[in-house]
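Architecture at a glance
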Amino acid sequence: MSQMRGLTNFITQIRACKNKSEEKDRVLKEMSNIRSKFQKGTRLGAYSRRKYTWKIIYIYMLGYEIDIGHMEAMQLCASKTYSEKKTGYCACQVLFNEKHDLLTMLTQPVKNDLSRDTPEHIQALAMTLVSNIGSKTMADTLWKDVADILTRGSSRSSIRKKASLCMLKMVRKAPENIEVEVIAPRVISMIADQDFGVALCAVTLMIGLVSMGPNPLYNEAIPNTIRVLYKLVTKNSNSGTDFSGYYYFNTISPWLQIKCLRLLQYFPAPQGDSKKRLDESLLRILKHETKRVKSGSSSQKKNKTNADHGILFECMNLIIYYEQTSGGEAEEKKSNYRDHLDAMAKLLGRFISLKEANVRYLGLDAMTRLAKIEGMGQKISQQMTTILFSLRKDQDASIRKRALDLLFVICSKENSRKITQELLSFLKVADYKIREELVLKIAILAERFATDLRWYLDVILNLITVAGDYVSDDIWYRAIQIVTNNEQLQKYAALTMSRALKNKGLHENGIKVGSYILGEFSDLVAETKSGEQLFESIHQHFETATSRTKALLLSSYIKLCNSFPDLQSQVLPVFSRFSVHADEELQQRACEYKTIIGRERKLLEDVFELMPAYENAESLDAKVKVRSKKAVSEAGATEDDDENEDEDEDENSEEEEEDEEEDEEEEDAAGLGVMTREDLDAEDEEVSLMHKMNRSRVRLNL
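Residues numbered from 1 in each chain as written. Predicted model: local features only at pLDDT ≥ 70, side-chain atom pairs only at ≥ 80, totals over all residues. Heavy atoms only, no water.

Concerning the overall build of the chain
- Across its full length, the chain holds 35 helices and two strands.
- Here the chain, with 702 residues, has 47% of them falling under the buried criterion.
- Sequence separation of at least 24 residues holds for 69% of the intrachain contacts in the chain that already meet a minimum separation of 6.
- On the chain, roughly 36,600 Å² of surface is accessible, and the fraction owed to carbon and sulfur atoms is 47%. (Helix = DSSP H or I, 4+ residues; strand = E, 2+ residues; numbered from the N terminus. Buried < 20%, exposed > 50% of the residue type's maximum accessible area, 1.4 Å probe, protein only. Contact = heavy atoms within 4.5 Å. Areas by Shrake-Rupley, 256 points an atom, 1.4 Å probe, with all protein chains shown as cover.)

As structure tokens, then:
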């Protein structure tokens, strides 16, 4: 490539251009020349084909669109000389992607280059291409060839490394078609390879295999992984020749140590000699970091610190994983890593107070996972001052988010009021991106640790006042459920909401809660509040409310009439006004309520008697967990649907045609005055509407 004078001159001319316009003219001129040369076809020499292909690569890297050279690049890939193959493979990796239409034409040349008889340097080119732009179809066709290279013991280290990473790409693209029984034993043996580069690639591939699903074969990787980790950690301070070339700031292959610790998190805690080696390795890592932090050398060499921190945090993740997975086991089988947890909590307490933002973020994140272990929340809450400082004062939004998550986890009955009050104070100045999550967590904490339900109701009202736009329906629905199910809270709730409704600037969610509670429990405050006062406090918000809220207010008015009969003269004009309203829901409610008031008093009392307690009402926390699980499952289903989208296009088009035919038939029937099945059902519902009215109609969809 360096001997191509034409390419060198072209790059020099491009660099000499004074402006973008001059560069574009030179590129277009060269593209025109290349296009004319490629039209010669077979008459173009191998040297010229390579030279023009490199020019196309350079032009593409400058940001210009390329519409030529794709077929020439594939022809170079099928060539027999190494220089032409190297140029062709490089061009294909730059110009193509895994969704390119011409990529399938490359499958056979690549398969030929992966055969046993092909030199290893040619195999390396082919595996590099598959690793970068390989598609699912290519993975289905070529995985056996790559597996043959991987399992062949005679391959050089560089080829085995490339084969491991190429196989990882294929496993991710087509996991269902790859026979892991063929490659797993070889990969497990490669973990113990003397070449740490090979071991690193093997551990990376094993992580990819294990993440796709469990398999008893993978358990054989545990001893090899622990032996490699033990060898790296125990020789960390020695300068033996075995480790020459693998030192990174006096740490032996930190990337391999991190990968080994991460791989072990997919398996249960080991037993026997492996357990002893792992315990010693983990203890050495913790002691080394504790000593370094105490000596104050954490900021002397940033790269050295980053490597050590990476190993330490992965070590903590492994210990936390073992503690969490052993929680339901018998006492004699439980993990004995709890001795390390106190040391981890102290270390993390130091990390979250450092100046470096990355370390503070990782410290808070690790603390959040550590706090989920039984008994550790109270110890971590000793760092409350530092955590609150990170929440209120840190300039990094991601760190404030991690601090919020940590406070949510360590909250308990003893500190719940303090944490809730701090979160409410922070809510006034919090970023808009996290306000919705912050409001939800405050509501969950208030419900979870409420020893006095009056305090819970005050917190919800405070949330509505400070950040009403971010209070979801689930939050105020739950507040109403709790008030309805707790008789001792109902009077306090009615008095509190009657005072809150006097504020003309009350958020609409507060209007909904207040109007519902006063409509249900207004008789409990009849001694101190007249019906007219309650009606006026609610009705002053009527004109500015949305249609949905107006519907709730109309229901509250007729409930007030049930408790205060003298209000009918004030409420009837409102019902009369909305009995001809354009909104169907408001019109229907107004007509029904007006009719009920005009009937005998007993009908009003029977229909709008006190609501019964809610049965099987889920807590807000439980609802959030259910929805999170549902969202995860739906996300997985969406991915599957995207993969099958192309196959379903024809079926969807046929269904659309059938739907259009049905619509045409319904339009014809409507034009002839014939009632369809839907029309008959709708008419039956309208006729029986008044007869089917019951208390669930007045529950307002709660």
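Side note on the packing of aromatic side chains
- Overall, the coordinates contain 13 aromatic pairs when judged by the stated rule.
- When the ring of Tyr-248 is compared with that of Phe-249, the centres are 5.0 Å apart and the planes differ by 80°; the resulting orientation is edge-to-face.
- On the basis of relative accessibility, which here comes to 37%, the residue Phe-249 falls in the partly exposed class.
- Every member of this aromatic cluster is reached through a ring pair, and the members are Phe-535, Phe-542, Tyr-557 and Phe-578. (Phe/Tyr/Trp six-rings, centres within 6.5 Å; stacked < 30°, edge-to-face > 60°.)

Quick notes on the environment of Gly-468
- When you line up the elements, Gly-468 lands in the loop between helix H23 (453-467) and helix H24 (473-485).
- Judged by its relative accessible area of 5%, Gly-468 falls in the buried class.
- Separated by 32 residues in sequence, Gly-468 and Glu-436 place their C-alpha atoms 9.8 Å apart.
- Non-local contacts of Gly-468, meaning those with residues more than four positions away in its chain, are made with Leu-463, His-507 and Asn-509.

A word on the pattern of salt bridges
- Scanning all chains against the criterion turns up 36 salt bridges.
- One salt bridge in this structure joins Arg-160 and Asp-193, with 2.8 Å as the shortest N-O distance. Of this pair, Arg-160 sits in helix H9 (residues 157-173) while Asp-193 is found in the loop between helix H10 (180-191) and helix H11 (196-212), placing the two residues 33 residues apart along the sequence. Pair check on accessibility: Arg-160 and Asp-193 agree, each one buried.
- Taken together, the shared-partner salt bridges connect Asp-365, Arg-369, Lys-401, Arg-402, Asp-405, Glu-437 and Lys-441 into one network. (Salt bridge = Lys/Arg side-chain N within 4 Å of Asp/Glu carboxyl O.)

Let's talk about the side chain of Ser-579
- For Ser-579, the location among the structural elements is in the loop between helix H29 (568-578) and helix H30 (584-598).
- Classification of Ser-579 by relative accessible area gives buried; the value is 15%.
- Engagement of the side chain of Ser-579 in a polar contact is seen with the backbone oxygen of Ser-576, the distance being 2.7 Å. (Polar contact = N/O pair within 3.5 Å; in protein donor to acceptor, adjacent residues only side chain to side chain.)

Things to note about the packing of helix H19 (residues 384-393) against helix H20 (residues 397-410)
- Interhelical geometry of H19 versus H20 gives an angle of 140° and a closest axis separation of 8 Å. Between H19 and H20, the angle is such that the two are oblique. H19 and H20 meet at a crossing whose hand is left-handed. Between H19, through Met-384, Ile-387, Leu-388, Ser-390 and Leu-391, and H20, the contact on the second element is made entirely by Ile-399, Arg-400, Ala-403, Leu-404, Leu-406, Leu-407 and Ile-410.
- Here the contact of H19 with H20 is composed, by residue class, of ten nonpolar, one polar and one charged. (Axes fitted to C-alpha atoms, helices over the stretch in contact; angles between N-to-C directions. Parallel < 35°, antiparallel > 145°, perpendicular 65-115°, else oblique. Left-handed = near helix turned anticlockwise from the far one by under 90°. Nonpolar A, V, L, I, M, F, W, Y, C, P; charged D, E, K, R; others polar.)

Some remarks on helix H13 (residues 254-264)
- Within H13, eight of the eleven residues are buried, which leaves it mostly tucked inside the rest of the structure.
- Taken together, the buried positions of H13 are occupied by Pro-254, Leu-256, Gln-257, Ile-258, Cys-260, Leu-261, Leu-263 and Leu-264.

Quick look at the nonpolar core
- Judged by nonpolar contacts, the single largest core of 207 residues is most densely connected at Met-170, Met-206, Leu-370 and Tyr-557.
- The dominant element in this core, judged by the number of residues it contributes, is H11, at ten residues.
- With residues near it in sequence (within four places) discarded, Met-206 still touches Ala-184, Val-187, Ile-188, Ile-191, Tyr-218, Ala-221 and Leu-263. (Core = buried A, V, L, I, M, F, W, Y, C linked by side-chain atoms within 4.5 Å.)

Considerations on helix H27 (residues 531-539)
- All buried positions along H27 are accounted for by Gly-531, Leu-534, Phe-535, Ser-537 and Ile-538. Each buried residue of H27 lies within a common arc of 165° when the element is viewed along its axis, so the set occupies one face.
- The inward-facing, buried residues of H27 abut helix H25 (487-500), helix H26 (508-521), helix H28 (547-563) and H29. (Arc of directions from axis to C-beta.)

Here's the deal with the state of the cysteines
- The tally for this structure, following the rule as stated, stands at zero disulfides.
- Here Cys-77 stays unpaired: no disulfide links it, and the sulfur of Cys-92, its closest cysteine neighbor, is 3.6 Å away.
- For Cys-77, a relative accessible area of 0% gives the class buried.
- Here Cys-92 falls in the buried class, since its relative accessible area comes to 0%. (Disulfide = S-S within 2.5 Å.)

Brief notes about the packing of H10 against H11
- The geometry of H10 relative to H11 is characterised by a closest axis approach of 8 Å and an angle of 140° between their N-to-C directions. In this view, H10 runs oblique relative to H11, as classed from their interaxial angle. Here the hand of the crossing between H10 and H11 comes out left-handed. When H10 is examined against H11, the residues Val-180, Ile-183, Ala-184, Val-187, Ile-188, Met-190 and Ile-191 are found in contact with a partner set consisting of Val-198, Ala-199, Ala-202, Val-203, Leu-205, Met-206 and Leu-209.

Section: the environment of Ile-434
- Summarising the element assignment, Ile-434 is placed in helix H22 (residues 432-448).
- Accessibility expressed as a relative area gives 9% for Ile-434, which makes it buried.
- Expressed as a C-alpha distance, the spacing of Ile-434 and Leu-404, which sit 30 residues apart in the sequence, is 9.4 Å.
- Excluding its chain neighbours within four sequence positions, the residues that come into contact with Ile-434 are Lys-401 and Phe-426.

Quick notes on unusual backbone geometry
- Residue Phe-249 is not a glycine yet carries a positive backbone phi of 50°.
- Topologically, Phe-249 is positioned in the loop between strand S1 (247-248) and strand S2 (251-252).
- Even without a glycine there, the phi angle at Asn-250 is positive, about 70°.
- Tracing the sequence through the fold places Asn-250 in the loop between S1 and S2.

Describing the confidence of the model for the chain
- Overall, the prediction assigns the chain a mean pLDDT of 84, with 85% of residues at 70 or greater.
- Per-element confidence in the chain ranges from a low mean pLDDT of 35 for helix H35 (residues 695-698) to a high of 95 for H13.
- Low confidence marks residues 236-241, where pLDDT is under 50. Its contacts with residues over four positions away, or in another chain, come to eight contacts.
- This model gives residues 663-702 a pLDDT under 50, and the stretch forms 37 contacts once residues within four places in sequence are excluded. (pLDDT = per-residue confidence, 0-100.)

Focus on the environment of Glu-72
- Tracing the chain through its elements places Glu-72 in helix H4 (residues 70-77).
- Distance in space between the C-alpha atoms of Glu-72 and Arg-50 is 9.0 Å, their sequence separation being 22 residues.
- Once you skip the residues sitting within four places of it in the chain, Glu-72 turns out to touch Phe-38 and Arg-49.

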